[in-house]
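Each chain, written out:
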Amino acid sequence: MKFMNSQYQKDMQTHLRAAAKGSGWKQAKGVVFRQVEDWFIAGQWKSVSADPADGLRIEILAKPMAIDPMLWQVMGSCDNNDQPLSFRHWGFFVCGAPVLDFEVIKTTEPERAAPEVIARLQKMLPKLIDKLGSEKFSDLAQASLGNHDNWRMTETIIHALWLEGDNEGAVRYAEHNRGSMSNSSLIADASKAGKTHNELVIEAIKGQEQRETPDESEGHTAPKGGFWQRIFGKSA
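None of the values given here were measured: they were computed from a predicted structure.

A.B. asks: How should the pattern of salt bridges be read in this particular structure?
C.D. replies: Side chains carrying opposite charge are able to pair once their charged atoms draw close together. All chains considered together, the criterion is met by 11 salt bridges. Two residues, E59 and K46, come together in a salt bridge whose shortest N-O distance is 3.6 Å. A residue pair is termed long-range when its members are at least 10 positions apart, and E59 in strand β4 (residues 56-64) and K46 in strand β3 (residues 39-47) qualify at 13 residues. Residue E59 is classed as buried on the basis of its relative accessible area of 2%. For the salt bridge of E59 with R57, the shortest nitrogen-to-oxygen distance reads 2.5 Å. Several salt bridges share partner residues, and in doing so they unite E103, E116, R120 and K123 into one network.

Here it is, written out as structure tokens:
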């Protein structure tokens, strides 16, 4: 079997599905994934080079479960909340998950490599959860160990900053990358059509801040929530 051809890919998927059973991981299109607490975790494999002797690179990725619903709210595609968990990796309108750790295995035969992929991911998982609990996710996203679509990781960093309460940083990052983002012309909401994601997120953040600004003429503070209440059912 030729290394990394279509048959190799199919065989890896088959063996990964079998290896993942009972482990807490599920498989879709060659990527395994799971939810751990408030985090979406994924594991993927890549060839180190065209030479099978160099082995496979096993990468573990993560992002907050809350981050994609923020994107969907901004893009007017909240129906995606009903999609299966695998959509968090394979969906078109999703935030990218940064690569946060990796290991290299020398085994490449699918029957032997697939169980090793699961074993290595299980080994990396506790360290990953500790890292996610002790460091700002926006910092981790900006220091990803993998190569990503620029627009997808830009979305991740913007929404991570916003999720962490750094509205100013999120707007600044969105402004700096304003021209690099996907167009929302596929979204049904006509008020959003034709605008880039960054334009929409800047509008949403500024709108949230206006709703949270104290109303001095009435002598009281405007209720917080809006965006956060619609997404999480409570104020931020």
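Continuing now.
A.B. asks: Please explain helix α8 (residues 197-212) as it appears in this structure.
C.D. replies: The α-helix winds at 3.6 residues per turn, so residues separated by three or four positions along the chain end up facing the same way. The terminal C-alpha atoms of α8, which comprises 16 residues, lie 23 Å apart, in line with the 22 Å expected from a rise of 1.5 Å per residue. Among the residues of α8, H197, N198, L200, V201, I202, I205, G207 and Q208 are the ones counted as buried.

A.B. asks: What should I look at first to understand the sheet that holds β3 in this one?
C.D. replies: The pairing of strands in a sheet comes from backbone hydrogen bonds and takes either a parallel or an antiparallel form. A sheet is described by the order of its strands in space; here 5 strands give the open sequence β1-β2-β3-β4-β5, paired in antiparallel fashion. For this open sheet the edge positions go to β1 (26-28) and β5 (99-105), each flanked by a neighbour on one side alone. Each neighbouring strand pair of the sheet contributes to a mean axis angle of 25°, computed without reference to strand direction. Pairing between β3 and β4: 9 bridges, direction antiparallel. What sits directly across from W39, in β4, is P64. Strands β2 (31-36), β3, β4 and β5 of the sheet are contacted by helix α4 (residues 110-134), whose axis makes an angle of about 150° with β5.

A.B. asks: In this structure, what is going on with the packing of helix α2 (residues 67-75) against α8? I would like to understand it.
C.D. replies: Think of two packed helices as two axes; the pair is described by the angle between the axes and how far apart they sit. Contact geometry for α2 and α8: axes closest at 9 Å, N-to-C directions at 95°. Comparing the axis directions of α2 and α8 gives the class roughly perpendicular. Between α2, through L71, V74 and M75, and α8, the contact on the second element is made entirely by H197, L200, V201 and A204.

A.B. asks: Sorry, what's going on with the nonpolar core here?
C.D. replies: For soluble globular proteins, nonpolar side chains are generally found buried alongside one another. Core analysis: the biggest nonpolar cluster contains 53 residues, and W25, I41, L56 and L132 have the highest contact counts within it. Among the elements that line this core, the one with the most residues is α4, at 10 residues. Residues contacting W25, with those up to four places away along its chain left out, are A20, V32, F33, R34, I41, A42, G43, I60, I118, L121, Q122 and L125. Grouped together as the second largest cluster of nonpolar side chains are 9 residues, F40, A42, L61 and M65 included.

A.B. asks: Help me understand the pairing of β5 in this model?
C.D. replies: Strand residues, when the strand is regular, have side chains that alternate between the two faces of the sheet. For β5, the buried fraction is high: 5 of the 7 residues fall into the buried class. Judged from the 6 bridges that link them, β4 and β5 form a sheet pairing that is antiparallel. Pairing of L56 across the sheet is with I105, part of β5.

A.B. asks: It is not clear to me how the packing of aromatic side chains should be interpreted in this structure. Could you clarify?
C.D. replies: In this description, an aromatic ring pair is defined by two values, namely the gap between the centres and the angle between the planes. In this structure the tally under the stated criterion is 5 aromatic pairs. Both rings, one in W39 and one in F137, keep their centres 5.9 Å apart while their planes meet at 50°; by these two values the pair is tilted. Of this pair, W39 sits in strand β3 while F137 sits in helix α5 (residues 137-142); the two residues are 98 residues apart in sequence, bridging distant segments of the chain. Residues W39 and F137 agree in their burial class; the two are buried. Measuring from ring centre to ring centre gives 4.9 Å for F92 and F93, while their planes differ by 75°; the resulting arrangement is edge-to-face. Given a relative accessible area of 49%, F92 falls into the partly exposed group. The structure contains a cluster of three or more aromatic residues connected by ring pairs, namely F3, Y8 and W45. We note R34 situated over the ring of W25; from NZ or CZ to the ring centre the distance is 5.1 Å. Stacked on the ring of F102, the Lys or Arg R57 has its end atom at 3.7 Å from the ring centre.

Analysis parameters
Residues numbered from 1 in each chain as written. Predicted model: local features only at pLDDT ≥ 70, side-chain atom pairs only at ≥ 80, totals over all residues. Heavy atoms only, no water. Salt bridge = Lys/Arg side-chain N within 4 Å of Asp/Glu carboxyl O. Helix = DSSP H or I, 4+ residues; strand = E, 2+ residues; numbered from the N terminus. Buried < 20%, exposed > 50% of the residue type's maximum accessible area, 1.4 Å probe, protein only. Expected span 1.5 Å × (residues − 1). Pairing = 2+ DSSP bridges. Axes fitted to C-alpha atoms, helices over the stretch in contact; angles between N-to-C directions. Contact = heavy atoms within 4.5 Å. Parallel < 35°, antiparallel > 145°, perpendicular 65-115°, else oblique. Core = buried A, V, L, I, M, F, W, Y, C linked by side-chain atoms within 4.5 Å. Phe/Tyr/Trp six-rings, centres within 6.5 Å; stacked < 30°, edge-to-face > 60°. Lys NZ or Arg CZ within 6 Å of the ring centre and 35° of its normal.

This is a description of form; function is not addressed.
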